[in-house]
Amino acid sequence: MKNMNNCIFCKIIAKKAPAKIVFENEDILAFVPKEQVSKGHTLVVPRVHFENVFDIGKNILEKLIAVSKGLSEKLAKENNATGVNLLHASGKDAQQSVFHFHLHVVPRYENDGLDLWLREKL
Ligand SMILES: [Zn+2]
């Protein structure tokens with residue numbers, strides 16, 4: 001639990017920075033990112049500051065995953081999405097940008113032009 005100072009997600013959780021919050025309970029918050037890559041794109045974060053998959057507690061991660069499942073279903077239904085990607089990065093070399101654990105729920109649509117899947121270098 002390091003680098004909590006000036007963490008933008010901690011500020012959003014504390015309601016000290018603006019964000020459109022779409023879900024919250026005692027452990028988990030979900031909000032719309034500054035730049036959505038698809039309609040319904042949402043970030044799911046623990047209220048307590050964990051940096052990544054290496055330091056987050058298993059119990060809170062399980063709760064976060066359960067919320068993400070519910071949100072996936074809700075967002076897909078609301079937006080008539082036909083699929084969803086759940087994306088996560090842990091560590092700078094894994095392209096993590098904000099160092100407060102977060103899971104992206106990205107609703108997907110037929111021919112939406114996004115390509116979020118990883119590529120093997122053949
Ligand atoms: Zn934080």
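Scroll up to find the structure.
For clarity, every value in this text was computed on a predicted model and none was experimentally measured.

Draft legend 1. Looking closely at the pattern of salt bridges. This model, assessed by the stated rule, comprises eight salt bridges. The residue Glu24 makes a salt bridge to Lys15 at a minimum N-O spacing of 3.4 Å. The partly exposed category is assigned to Glu24, whose relative accessible area is 38%. A salt bridge links Arg47 to Glu24, with the nearest nitrogen and oxygen atoms 2.8 Å apart. Linking Arg47 in the loop between β3 (42–46) and α2 (58–79) with Glu24 in strand β1 (residues 21–24), this pair joins segments that are 23 residues apart in sequence. One continuous salt-bridge network, built from bridges that share partners, spans Lys15, Glu24 and Arg47.

Draft legend 2. Spotlight on the sheet that holds β3. Strand order in the open sheet made by the five strands is β1-β2-β3-β5-β4, with antiparallel pairing throughout. Of all the strands in the sheet, the pair left with one neighbour each is β1 and β4 (83–87). Between one strand and the next, the sheet's axes are offset by a mean angle of 20°, whatever the strand orientation. Sheet topology places strand β2 (residues 28–31) next to β3; four bridges connect them, and they run antiparallel. Residue pairing in the sheet places Ile28 in a bridge with Pro46 of β3. On the sheet, α2 packs against β1, β2, β3, β4 and β5 (103–108) and is oriented at approximately 160° with respect to β3.

Procedures and definitions
Residues numbered from 1 in each chain as written. Predicted model: local features only at pLDDT ≥ 70, side-chain atom pairs only at ≥ 80, totals over all residues. Heavy atoms only, no water. Salt bridge = Lys/Arg side-chain N within 4 Å of Asp/Glu carboxyl O. Buried < 20%, exposed > 50% of the residue type's maximum accessible area, 1.4 Å probe, protein only. Helix = DSSP H or I, 4+ residues; strand = E, 2+ residues; numbered from the N terminus. Pairing = 2+ DSSP bridges. Axes fitted to C-alpha atoms, helices over the stretch in contact; angles between N-to-C directions. Contact = heavy atoms within 4.5 Å.

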